[in-house]
Every structure is written in structure tokens, then in C-alpha cells.
Amino acid sequence: MKIRLIEIAHGRSGDKGDAANIGIIAYDDKGFEIIKKHLTEEKVKKHFEGICFGKVERFELPNIRALNFLLHNTLGGGGTVSLKHDAQGKTLAAALLRMELEV
Amino acid sequence: MKEKIRIASGQGFWGDLIDAPYQQVTEGDIDYLVMDYLAEVTMSILQKQKNKNPKLGYAKDIPELMERILPICKEKNIKVITNGGGVNPESCAEAVIEVAKKLGIQNLKIAVVLGDNIKDNIDEIITSGCELNNMETGESIVNVKDKLLSANVYFGAFPIVQALQQGAEIVITGRTTDTGLTLAPMIYEFGWNEKDYDLLSAGTIAGHILECGGQASGGNFLGDWQSINNLENIGFPIVEAFPNGEFIITKHESLGGKVSVETVSEQLVYEIGDPKKYITPDCIADFTSINLEEIGKNKVRVFGIKGYEATETFKVSCSYSDGYSAIGTLTYSWPQALTKAKAADKILRARLEKLKLNFEEIRTEFVGYNSCHGPLSTELEEDKINEIVFRIAVRSKDYNSVERFGKEIAPLILTGPPSVTGFAGGRPKPSEVIAYWPALMPKKLVTHSIKIFEI
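Residue numbers here run from 1 along each chain, matching the order of that chain's written sequence. Here the convention is simple: chains get letters from A, ligands get numbers from 1, in the order in which they are written. This being a predicted model, a pLDDT of at least 70 is required before a residue's local features are given, and a value of 80 or more before pairs of side-chain atoms are given or counted; all residues contribute to the totals for chains, interfaces and linings. Working from all heavy atoms in the structure, the side-chain values ignore hydrogens and water.

Q: How should I be thinking about the overall build of chain A in this particular structure?
A: When its secondary structure is counted, chain A shows four helices and six strands. The numbering of helices and of strands both runs from the N terminus, where a helix is a DSSP run of H or I of at least 4 residues and a strand a run of E of at least 2. Each helix (α) and strand (β) of chain A, taken in turn from the N terminus, gives the series β-α-β-β-α-α-β-β-α-β. We compute the radius of gyration over the C-alpha atoms and compare it with the globule rule, which gives 2.2 Å times the number of residues raised to the power 0.38. Taking 103 residues into account, the globule formula puts the C-alpha radius of gyration at 13 Å, and chain A, at 13 Å, falls close to it. Referenced to the eigenvectors of the C-alpha coordinate spread, the extents of chain A come out at roughly 40 × 25 × 20 Å.

Q: Sorry, what's going on with the sheet that holds strand E19 (residues 449-454) of chain B here?
A: Residues and elements named next belong to chain B. With respect to topology, 10 strands assemble into an open sheet ordered E11-E12-E8-E7-E1-E2-E3-E6-E4-E19, the strand pairing being mixed. With partners counted over all chains shown, the strands left at the sheet margins are strand E11 (291-296) and E19, one partner each. Here the average twist between neighbouring strands, direction ignored, is 25°. Looking at chain direction, strand E3 (residues 79-82) and strand E6 (residues 170-172) are connected through three bridges and run parallel. Residue pairing in the sheet places valine 80 in a bridge with isoleucine 170 of E6. At least two DSSP bridges between two strands are required for those strands to pair. Here an angle of 0 to 180 degrees is reported between the N-to-C directions of two axes, which are lines fitted to C-alpha atoms, with helices fitted over the stretch in contact.

Q: Before we go on, may I ask you to explain the interface of chain B and chain A in this structure?
A: How big an interface is tends to be reported as the loss of accessible area on association of its parts. Listed by partner, the interface residues are 45 residues for chain B and 40 residues for chain A. Of the roughly 3,500 Å² buried at the junction of chain B and chain A (both faces included), carbon and sulfur atoms supply 59%. Here the buried area means the combined drop in accessible surface, using a 1.4 Å probe, for two parts upon being joined, counting both sides. Three residues, Val269, His373 and Leu376 of chain B, lead the burial of chain B against chain A; their summed loss comes to 19% of the area buried on that side. Think of a salt bridge as a Lys or Arg side-chain nitrogen and an Asp or Glu carboxyl oxygen that are within 4 Å of each other. Seen at the junction of chain B and chain A, the total is one salt bridge. Glutamate 266 of chain B is the partner of arginine 12 of chain A in a salt bridge, and the nearest nitrogen-oxygen pair spans 3.3 Å. In protein, a polar contact means a hydrogen-donor-capable atom and an acceptor-capable atom, both N or O and within 3.5 Å, with residues adjacent in sequence counting only if both atoms are side-chain atoms; elsewhere, any N or O pair within 3.5 Å suffices. Linking chain B with chain A are 26 residue pairs in polar contact (both at pLDDT 80 or more), by the criterion used here. Ranked by residues supplied to the side of chain B that touches chain A, first place goes to helix H9 (residues 261-268) of chain B with five residues. Two residues form a contact once any of their heavy atoms are found within 4.5 Å.

Q: Looking at this model, I keep getting lost on the nonpolar core. Mind explaining?
A: Looking at soluble globular proteins, one finds that nonpolar side chains tend to be buried together. All names here are of chain B. Counting 75 residues, the largest nonpolar core has Leu132, Met186, Ile205, Phe247, Leu268, Phe287 and Met441 as the members making the most contacts within it. The biggest single contributor to this core is helix H8 (residues 197-210), with seven residues. When near neighbours in sequence (up to four residues on either side) are disregarded, methionine 441 contacts Ile118, Ile125, Cys130, Leu132, Val153, Glu312, Thr313, Phe314, Val316 and Val446. As used here, the term nonpolar core means buried Ala, Val, Leu, Ile, Met, Phe, Trp, Tyr and Cys residues forming a set that is joined through side-chain atoms within 4.5 Å. The cut-offs for exposure are 20% and 50% of the maximum accessible area for each residue type, with area from a 1.4 Å probe on protein chains only; residues under the lower value are buried, those over the upper are exposed, and the others partly exposed. Ranked by size, the runner-up nonpolar core spans 36 residues in total, among them Leu33, Ala95, Leu108 and Ile238.

Q: I keep staring at empty space enclosed by the protein and nothing clicks. Help me out?
A: Picture a little ball the size of a water molecule; that probe, rolled over the atoms, points out where space is still empty. Residues and elements named next belong to chain B. Buriedness for pockets is judged along seven lines, at least five of which must meet protein on both sides within 12 Å for an open set on the 1 Å grid over protein atoms alone, while cavities are sets there where a 1.4 Å probe fits but cannot get out, and lining residues have an atom within 4 Å of a point. Grid points are joined across faces, edges and corners, and a volume is the space filled by probe spheres set on the points. For the structure shown, the criterion picks out one cavity of 30 Å³ or more. As a volume, the largest cavity reaches approximately 50 Å³. At the level of secondary structure, the elements contributing two or more residues to the lining of the largest cavity comprise strand E1 (5-11), strand E2 (32-35), helix H7 (178-190) and H8. At three residues, H7 tops the list of elements feeding residues into the lining of the largest cavity.

Q: How should the domain arrangement of chain B be read in this particular structure?
A: Taken domain by domain, chain B comprises domain 1 (5-116 + 154-311) and domain 2 (323-433). Domain segmentation is taken from an automatic or database assignment of domains. Of note, the centres of domain 1 of chain B and domain 2 of chain B, computed from C-alpha atoms alone, are 40 Å apart.

Q: Would you mind showing me how to read the UniProt feature "domain: Acyclic terpene utilisation N-terminal" (unreviewed entry) in chain B here?
A: UniProt positions are given in the numbering used here, feature names are shortened, and annotations may be inferred rather than shown by experiment. When the UniProt feature table is mapped onto this chain, "domain: Acyclic terpene utilisation N-terminal" (unreviewed entry) is found at residues 5-451 of chain B. The span residues 5-451 of chain B is 29% helical and 25% strand by assignment, and the distance between its end C-alpha atoms comes to 26 Å.

Q: Honestly, the pairing of strand E12 (residues 299-303) of chain B in this entry has me stumped. Any pointers?
A: Regular strands show a simple pattern: their side chains alternate between the two faces of the sheet. Residue and element names in this part refer to chain B. What you see with E12 is a clean split: Val300 and Val302 sit on the buried side and Lys299, Arg301 and Phe303 on the side with no burial. Two strands pair when backbone bridges link them, and strand E8 (residues 247-250) and E12 are joined in this way by three bridges, in the antiparallel orientation. In the sheet register, isoleucine 248 faces E12, and the bridge partner there is arginine 301. Bridge count between E11 and E12: five bridges; the pairing is antiparallel. The residue bridging glycine 296 from the neighbouring strand is lysine 299, located in E12. Once E11 ends, the chain turns through two residues before running back antiparallel as E12, passing asparagine 298 with a positive phi of about 55°.

Q: How do you make sense of the side chain of arginine 395 of chain B when you look at a structure like this?
A: Looking at the secondary structure, you find arginine 395 of chain B in strand E16 (residues 387-396). Residue arginine 395 of chain B is classed as buried on the basis of its relative accessible area, which comes to 9%. Within the structure, arginine 395 of chain B has its side chain in polar contact with the backbone oxygen of valine 81 of chain A (distance 2.7 Å). The contacts of arginine 395 of chain B, once residues within four sequence positions are left out, are Gly76, Val81 and Leu83 of chain A together with Tyr324, Ser325, Phe359, Glu360, Glu361 and Val433 of chain B.

Q: Just checking my understanding: could you explain the sheet that holds strand E13 (residues 306-308) of chain B for this structure?
A: Paired through backbone hydrogen bonds, the strands of a sheet run either parallel or antiparallel to each other. All names here are of chain B. Strand order across the open sheet formed by three strands is E9-E10-E13, with antiparallel pairing between neighbours. The open sheet has two edge strands with one neighbour each: strand E9 (278-279) and E13. Sheet analysis places E9 next to strand E10 (residues 284-286), joined by two bridges and oriented antiparallel. Each bridged residue has a counterpart across the sheet, and for isoleucine 279 the counterpart in E10 is isoleucine 284. Set on the sheet, H8 makes contact with E9, E10 and E13; between it and E13 the angle comes to about 110°.

Q: What am I meant to see in the side chain of histidine 38 of chain A here?
A: Residues and elements named next belong to chain A. Among the structural elements, histidine 38 can be located in helix H2 (residues 29-38). Given the relative accessible area of 14%, histidine 38 is considered buried. Residue contacts for histidine 38: discarding those within four places in its chain leaves Lys43, Leu101, Glu102 and Val103.

Here it is as C-alpha cells:
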């Protein structure tokens, strides 16, 4: 069955220098099992091809059913150096929630 | 010792809702109002203001705000803690004293935390063996030393605690961590000490939840955002803290927004790295130990937090001037809006090429199509596109190249694709690029001091 990540999770993203952080929070335990299994560093890196030019790090926060991703070399230099419209990566959580998963 | 204290967030950044702190002190009971004004770039802007006028360099909103809320804070015994002193907290305190005199206030004690500004001591610091290498690139600061606009150590909660112990009703600091502003009153009121790592972490996490204002109480909520009521009158978050490190996130009931496990969770994951190692000058907080429980309407209990001993270094935040940038935009309408915008981009780039200007980067985005999600954006059926904003930005060390770029945007209206508008703002002007330089510095090389201003 195909689902879109936005159906089972929400989240928030922001900047840490030139890296973007994306926190993804599942709405329930079942959703957390799905994101824990399917949202791998490799999959996220591939999803952000052409946006993220560095490595992707993943961290787990099972206590709030969340995963946190750090996407390095993603914000065009970060801060006022970046020429991007979304220089702080504010919309990248939504961008990740576009992802379709086969579950 | 008090059994609990209520700490309210008044500002999430400089430029936040002007009325939020006023509502926090008037719509219900609180003990402390904490206000974060400083983003990375803010310090360099303030430093420039101070260079022009030695009496400036702080958030000018503060004296104006204090004029409104100081009588209420005095009457209700609410203490105010803010890092809006920027690079000149002393002048900020003097300005607030003036306001208090004008209001006829008989007695007031303001404490200022000094010592975070190390811009004038950079040479001594380097000579003493601390190289302030860039934390991200490893580069030596010597390469940018002459272009430095600001350099500040991030202080934690303890200097503010000292200020409170001296009886301060208002504490104004320079570069203090956002989390320290909230943690400090807990340490002071509950008598926590420097080795109470779990408690310090709890206060730090409370600070993380408050530091972006309305973002914890329903603002910028990516879950069921349409279910959040009365955002037009959003209540900023309030922490009800207890001596054992437990706390409740809430808001004034009369105001809008929402405090739920979901709204708080989104703020918890905002701008964090490794959740087990959230490093502050006060402690290392473990975000994986946080328990959230909804115990009532707009009440989330936070408990079980663990933490560890702080590191031996302070984070240093420097900024330096690194060239110029400018952004031009034009709006193209149906039909073929996207095709026209892409054609305009091609024409403009060819003209820039012919002019032999020097740019480090030229970036084109089409607002309405791909400026947020880039290659993830779905293809649009062109006949259904009503309009597209062509956005092009350049960056260069060469001011003249950026200035000349600005002169090439408007001509596209009469010499490019048709049905174009949106050039009311005049030529885009070059703005200075301020780059950020994060570094570490041994804590023992830094000393802080407290200065009292009073009536």
C-alpha cells in the first residue's frame, strides 16, 4: 500500500548554519514504527537530490515519536550568504512530508 | 522557596508581535517575562548601529515596551529578563531608567550582564593560544579577522542568576542563550546548583520551548493547522515551573492559539541536532528523556528530563562582512507564465554574461512553481498557471557587479517577454552579506560582570 508521509506525520524544519534540520513526528505509535523503518538516511538523501549536497544524519526521539534529520550543505551557505528564497529551510519539513512510502 | 513560578515568553525574535509581551503581563498572572531578541545576524546589525552612535546597539523596542509595561510589572511584581541589550546593554539600561523617571517610578533596580562582547580582545585571545577556528570548516579566524563585525560569547543562565540575587527587577544582557533566559529564574527561585544537571536540563528544555514565542502555542503548526483557533490573538507560551524540574506549558486562557502535545513536539524538534546532546553553557540536555502529557485544555506536563555536565567551552558567535548580494523579481501572467519567466531568465543571464560581471553565484527560482521545494515540485500544466514570479539573486565580492545587476532587471519589462509587471520597488540595491563564524573558547578565558543601574 502506498501512503504519503503527510498522512501519518507532521513536523518542523529550520536552519543550523548551512545545514537544515527537519523533525518529523508521527501521529501515533504505528506511524512511528513506519517512519522508523522507512525513513532511512539514504532515502531522505535521495528524496532531497538537487537540494541537499552533503550528508544526511538521522536521530531518533522515540519518546515523542519523532525522527530528527540534519541535512548538511543544503541552504546555499546559510544565513545572509544564501540566495535561496527559503534560506532558512522553513518549508523543508513539508518537502519531506511529500514523500510516498510503500508500506 | 516558592512552590511554583510562571515564566512567560514575550518575544521569539526581534520583530515579533509588539503586543505579545503587553498581553503576557495583563491577561493573567506571571512572575517573569522573558524576551529573546537576538538572532545570529542581529549582533552585527547592532554593532554597526553602535559604530555610528555609541549610545545605540541594543533593541530599541525595549524602552518603548517598558514605557507600556513597567508600571504593570511594578504593581504585579513581574521581573523582566531579556538579551535585547545586544552589543550595548548599558545604554539600553540607561534608556529604561529614563523611561522609568518619566513615568514617575520611585525606585527601580536594573542589572546588566557584561563580558560577552570579545570583539576588541580578539588579538589577545588568539595570542593566548585560543585560535577560534571555525567549528564547521576548521578554518583559522586570522583569515577573516580584519573583516569582523561582531564577536560574542554565548553566556548561560548563571550570570542572570547573580543579577537576580542582587535584587534586579529587570535583567538586560548581551549575547545570552535563549534557553538561559528561562532557566535563570528557576535556578534563582528554587535554589538549584551548578551540578543539578537533570534540573538544569529541565529548565533548558523549558527555555527551548519558550524561545520562539508563538511557535509553541499554535503558530507555524504543520499538523492540523486549521484547527488552531484565534491565531489573530495568539497567546504566547507560559511555563509553570516546579522545584523538582517538572513543568507545565500553558498560555493565558483569554488568548488564542493552542498548547497541545503536538504543538509542543513541533517546537521541541525545531533547530536541534543530536537530541541526546543539546549543548548549552549550563548543561547538556537529553531531548530523548522528555515525557509529554496533556493534563488539561492548553496544559502539557513535561517531566522525566535527564541531563549531563556542561562542556568546558563557550560557543562564540562572530560575524564578518563577506561581499554583497541583490535580489530582483518580476511577475509574469497567463498565458505561458512559466515559459515567459524562464525566457526572461535566459535573456538576463546572457546580458550579464556579456557585461563580464563577477558573481560567485547567480540563483534563479520561480515563485509559484519551485522556490520552496526545488526539484521536488510537481510539473504544472501551463494553461492552469495564472502567474509566476521570476526571482533572480546574485552574490559577489565586487560591489559594482551587484549594483550593475540591479540596473538590468527593469529593462526586461520593455525588452523581454510580454505580460510582465511588479517592478514598483525600483532597482534592487546591493546589500552587505554578513557571514557567520561559529567557534569555541575555553570558559576560563572569559569573565562576566554585573553592573547595577538604579533609581
